[in-house]
Amino acid sequence: MLAALIGILGDFDRAEDAAQEAFVTAAERWPREGVPSSPGAWLVTTGRNRAIDRIRRERTHESKLALLARETPAYQEMDAVPNSSFPDERLELIFTCCHPALSIEAQVALTLRTLGGMQTSEIARGFMVPEATMAQRLVRAKRKIRDAGIPFQIPAAGVLADRLAAALAVVYLIFNAGYDGRSDLASEAIRLGTALTELMPDEAEVHGLLALMLLHDSRASARFAAGEIVLLEDQDRTLWDQGRIHAGRAELARARSLDPGGPYTLQASIAALHACERTDWTAVVALYDDLLERTGSAVVELNRAVAIGQAHGPQAGLDAAADIELPGYHYLHAARADFLRRLERPLQARREYELALALALAPAERSFLERRLAEL
Amino acid sequence: MQFMLQIYAPQTGEWDGLSEPEKDAVTQEYLAISGEPGVLAGAQLHPVETATTVRVNDGRALTTDGPFAETKEALGGYYLLEAPDLDVAIALAARIPAARLGGAVEVRPVVER
């Protein structure tokens with residue numbers, strides 16, 4: 001409903017006020033007059049009319065009249081036929097929130113606020129910034145949408161692929177922010193990803209991303225024990241959420257039937273292999289080969305080296321990781337340290353563990369690296 | 001709404017590497033954009049060496065040689081566009097040759113009065 005009002009009014013703040021007023025009116029009227037046959041349409045119409053009244057009362061400005069003139073035929077129809085339903089505008093809202101003219105932080109905040117319905121304080125906690133900072137971020141983002149003319153529409157065909165990739169990246173960013181389980185962000189990302197599969201059911205990568213998130217999330221309970229990291233091979237599999245795994249596999253099948261080669265779909269395919277009784281590391285390596293070719297990413301190259309280390313032994317892994325450049329990325333050193341540890345070269349392993357510790361921030365990761373160092 | 005498309009280009013770079021026919025083709029592209037519906041105005045500016053900067057302090061005009069700010073990329077031209085939303089402006093900006101020849105186009109909404 002909020003999405004529909006944003007579509008009509010073109011202004012996030014006005015839409016929120018309008019929605020509020022519509023609910024208040026409904027709370028007063030419906031107990032007396034009965035619930036209308038199409039409550040959603042009633043709320044949107046009431047909200048819109050209230051907002052229009054308010055706009056008219058304010059100084060009449062050319063741009064505001066232009067705003068009113070932007071009503072699409074669908075809404076004019078709604079006046080004439082009160083029982084008709086209005087279009088679901090969540091897709092337009094996602095693309096507006098994730099518009100490249102907004103900073104990434106603004107995209108994330110706006111998506112969580114308007115699509116996720118999260119409170120500003122919750123979002124602030126999830127991303128570890130003061131609430132005032134997050135509130136300002138939202139204010140500036142809404143102002144930019146209004147002043148810079150960011151449209152409320154599904155992007156044109158020529159830019160749709162790029163814009164969709166940007167929206168998926170925002171959802172995945174939200175998911176990863178919730179990785180340590182402190183907040184509801186992972187669940188929120190899965191909800192957003194699910195909405196996207198309903199809104200764009202024929203896009204392979206939309207299903208691929210949801211599959212990836214479901215499969216990752218299935219292991220959330222097994223990943224930490226008493227604040228310490230539990231490696232994949234050591235995890236208590238009874239703590240894996242089989243429902244998530246099943247749902248993830250179903251989404252993956254859908255993604256692969258549309259296009260097996262997209263980056264999220266490839267990553268989900270790898271995640272699915274890890275959800276098996278025993279990981280088929282050779283198959284994982286093959287998927288990383290595809291993913292590396294597709295993305296050219298050094299991080300992918302590192303993950304591939306780790307997989308090679310599992311499939312073909314630590315020397316092969318070390319060789320595969322030899323030329324990778326990822327300055328400031330502690331996982332590179334942690335991976336090299338692990339290969340050297342397994343090759344029983346403790347002096348070089350120590351050096352790499354120390355380099356990793358110089359960069360690692362998360363307490364659980366530091367604890368893990370320190371333990372490894374002590375065991376040498 | 002109206003948008004100002006400010007075209008920034010590096011002082012030396014890809015443009016200098018183009019052949020004469022290629023330069024002519026780029027000039028034709030700029031002229032074609034000038035003729036697009038919605039493009040209200042547009043002009044190429046003389047190079048940054050021709051710039052003069054004026055400030056006024058205590059009622060006295062202070063005039064200096066050169067641009068407002070010395071930057072790697074300088075303002076080389078502009079278009080004024082009437083368009084329904086930012087995406088239309090972005091689509092036009094993406095067609096401006098400077099954007100693919102090492103420069104950039106800044107898209108700014110014009111304050112309506």
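Criteria and cut-off values
- Residue numbers run consecutively from 1 along every chain, following the written order of its sequence.
- All chains are assigned letters beginning with A, and all ligands numbers beginning with 1, in the order in which they are written.
- Whole-chain, interface and lining totals are the exception, using all residues; otherwise, since this is a predicted model, local features are given only for residues with pLDDT of at least 70 and side-chain atom pairs are given and counted only at 80 or more.
- Numbering of helices and strands starts at the N terminus; helices are DSSP runs of H or I of at least 4 residues and strands are runs of E of at least 2.
- Contact definition: two residues whose C-beta atoms, as placed from backbone geometry, lie within 7 Å.
- Exposure classification rests on a simple neighbour count of other C-beta atoms within 10 Å of a residue's own: a residue reaching 20 or more is buried, one at 12 or fewer is exposed, and one in between is partly exposed. C-beta atoms are placed from the backbone.
- Axes here refer to lines fitted to C-alpha atoms; in helices the fit is confined to the stretch in contact. Angles between the N-to-C directions go from 0 to 180 degrees.
- Roughly parallel covers angles under 35 degrees, roughly antiparallel covers those over 145, roughly perpendicular covers 65 to 115, and oblique covers all other angles.
- Left-handed is the label given to a crossing in which the near helix is rotated counterclockwise from the far helix by less than a right angle, and right-handed is the label when the rotation is clockwise.
- Under the convention adopted here, Pro, Cys and the residues Ala, Val, Leu, Ile, Met, Phe, Trp and Tyr are nonpolar, Asp, Glu, Lys and Arg are charged, and Gly plus all remaining residues are polar.
- Confidence of the predictor at the level of single residues is captured by pLDDT, which takes values from 0 to 100.
- Strands are treated as partners if at least two bridges between them are detected by DSSP.
- Multiplying 1.5 Å by the residue count of a helix minus one yields the expected span of that helix.
- The arc in question is formed by the directions pointing from the helix axis toward the C-beta atoms.

**Student:** Break down the overall build of chain B for me, with residues and values.
**Tutor:** Helices and strands together make up the secondary structure of chain B, namely three helices and six strands. In chain B, the succession of α and β elements from N to C terminus is β-α-β-β-β-β-α-α-β. Summarising its shape, the C-alpha atoms of chain B cover approximately 45 × 40 × 20 Å along the three principal directions. Long-range pairs, those at least 24 residues apart, make up 76% of the contacts in chain B with a sequence separation of at least 6.

**Student:** A description of the overall build of chain A should follow, citing residues and the corresponding values.
**Tutor:** Secondary structure assignment for chain A yields 20 helices and two strands. With the principal axes as the frame, chain A shows a C-alpha extent of 80 × 45 × 40 Å. Each of the 376 residues in chain A was classed as buried or not, and the buried ones make up 38%.

**Student:** Report on the packing of helix 14 (residues 263–274) of chain A against helix 15 (residues 281–295) of chain A, specifying residues and quantitative values.
**Tutor:** Residue and element names in this part refer to chain A. In the contact formed by helix 14 and helix 15, the axes pass within 10 Å of each other and the chain directions differ by 165 degrees. Relative to helix 15, the element helix 14 lies roughly antiparallel. Relative to helix 15, the crossing made by helix 14 is left-handed. Contact residues: helix 14 offers P263, L266, Q267, S269, I270 and L273, while helix 15 offers A283, V284, L287, Y288, D290, L291, R294 and T295. Broken down by class, the residue content of the contact of helix 14 with helix 15 amounts to nine nonpolar, three polar and two charged.

**Student:** Go over the confidence of the model for chain A, please, and point to the residues and values.
**Tutor:** Summarising the model, chain A shows a mean pLDDT of 88, and 91% of its residues fall at 70 or more. Under a pLDDT of 50 for its full length, residues 61–86 of chain A has, in the predicted model, 27 contacts with residues more than four places off or in other chains.

**Student:** Let's hear about the interface of chain B and chain A: which residues, and what values?
**Tutor:** When the parts come together, some accessible area is lost, and that loss is often what is quoted as the size of the interface. Each partner contributes residues to the interface: chain B has six residues there, and chain A has 10 residues. For the side of chain B that touches chain A, the class distribution of residues is three nonpolar, no polar and three charged.

**Student:** Residue-level account of the sheet that holds strand 5 (residues 73–82) of chain B, with values.
**Tutor:** Residue and element names in this part refer to chain B. With antiparallel pairing, four strands are arranged side by side in an open sheet as 2-5-1-6. Strands at the two margins of the open sheet, each flanked by one partner only, are strand 2 (39–44) and strand 6 (104–109). The sheet shows a mean angle of 20 degrees between the axes of neighbouring strands, taken without regard to direction. Looking at chain direction, strand 1 (residues 2–10) and strand 5 are connected through nine bridges and run antiparallel. Bridge pairing in strand 5 places F3 opposite L81.

**Student:** Tell me about the confidence of the model for chain B, and name the residues and values.
**Tutor:** Detail in the predicted coordinates should be disregarded across regions flagged by low pLDDT. When pLDDT is averaged along chain B, the result is 94; 100% of the residues meet or exceed 70. Reported confidences for the modelled complex are a pTM of 0.80 and an ipTM of 0.88.

**Student:** Describe helix 13 (residues 242–258) of chain A, with residues and values.
**Tutor:** Residue and element names in this part refer to chain A. Look at helix 13: 25 Å from first C-alpha to last across 17 residues, which is about the 24 Å you get at 1.5 Å a residue. Regarding helix 13, the residues found buried are G248, E251, L252, A255 and R256. Taken around the axis of helix 13, the buried residues stretch over an arc of 135 degrees, which confines them to a single face. Set apart from the buried face of helix 13 by more than 90 degrees, the exposed residues are Q242, G243, A253 and S257. In the core, the buried residues of helix 13 are packed alongside helix 12 (204–217) and helix 14.

**Student:** Mind laying out the environment of A226(A), listing which residues take part and the relevant values?
**Tutor:** Residue and element names in this part refer to chain A. Among the secondary structure elements, A226 is positioned in the loop between strand 1 (224–225) and strand 2 (228–229). For A226, a count of 5 C-beta atoms within 10 Å gives the class exposed. Separated by 114 residues in the primary sequence, A226 and L340 have C-alpha atoms spaced 28 Å apart.

**Student:** Go over helix 2 (residues 86–95) of chain B, please, and point to the residues and values.
**Tutor:** Side chains three or four residues apart in an α-helix point the same way, a direct result of the helix having 3.6 residues per turn. Of the residues making up helix 2 of chain B, those classed as buried are L86(B), D87(B), A89(B), I90(B), L92(B) and A93(B). Residues of helix 2 of chain B that are buried make contact with strand 1, helix 1 (20–34), strand 5, helix 3 (97–100) and strand 6 of chain B.

**Student:** Now, about the packing of helix 13 of chain A against helix 14 of chain A: what can you tell me, with residues and values included?
**Tutor:** All names here are of chain A. Viewed as axis vectors pointing N to C, helix 13 and helix 14 meet at an angle of 140 degrees, and their least axial separation amounts to 10 Å. Taken together, the axes of helix 13 and helix 14 lie oblique to each other. Here the hand of the crossing between helix 13 and helix 14 comes out left-handed. Of the residues in helix 14, those in contact with G248, R249, L252, A255 and R256 of helix 13 are T265, A268, S269 and A272. Per-class residue counts for the contact of helix 13 with helix 14 are four nonpolar, three polar and two charged.

**Student:** Run through the environment of N176(A), naming residues and quoting values.
**Tutor:** Along the chain, N176(A) turns up in helix 10 (residues 157–177). As for N176(A) and A186(A), which are separated by 10 residues in sequence, their C-alpha atoms are 7.0 Å apart.

**Student:** I'd love a proper account of the environment of L112(A), names of residues and values included.
**Tutor:** Residue and element names in this part refer to chain A. With respect to the element layout, L112 can be found in helix 7 (residues 104–115). Distance in space between the C-alpha atoms of L112 and I123 is 7.2 Å, their sequence separation being 11 residues. Here L112 is in contact with M118, I123, I174 and E188, once residues within four sequence places are set aside.

**Student:** Could you give an account of unusual backbone geometry, naming the residues involved and the relevant values?
**Tutor:** Residue and element names in this part refer to chain A. Positive phi outside glycine occurs at M128, with the angle close to 55 degrees. Here M128 lies in the loop between helix 8 (120–126) and helix 9 (131–147). The exposure class of M128 is exposed, given the 9 C-beta atoms found within 10 Å. The residue A226 is not glycine, and still its phi comes out positive at about 55 degrees.

**Student:** Which residues make up the pairing of strand 1 of chain B, and what values do they have?
**Tutor:** Side-chain direction in a regular strand flips from residue to residue, so the side chains alternate between the two faces of the sheet. Residue and element names in this part refer to chain B. Of the two faces of strand 1, only one is covered, namely that formed by F3, L5, I7 and A9; the face formed by Q2, M4, Q6, Y8 and P10 stays uncovered. Direction of pairing for strand 1 relative to strand 6: antiparallel, over a ladder of six bridges. Among the inter-strand pairings, Q6 is bridged to a residue of strand 6, identified as E106.

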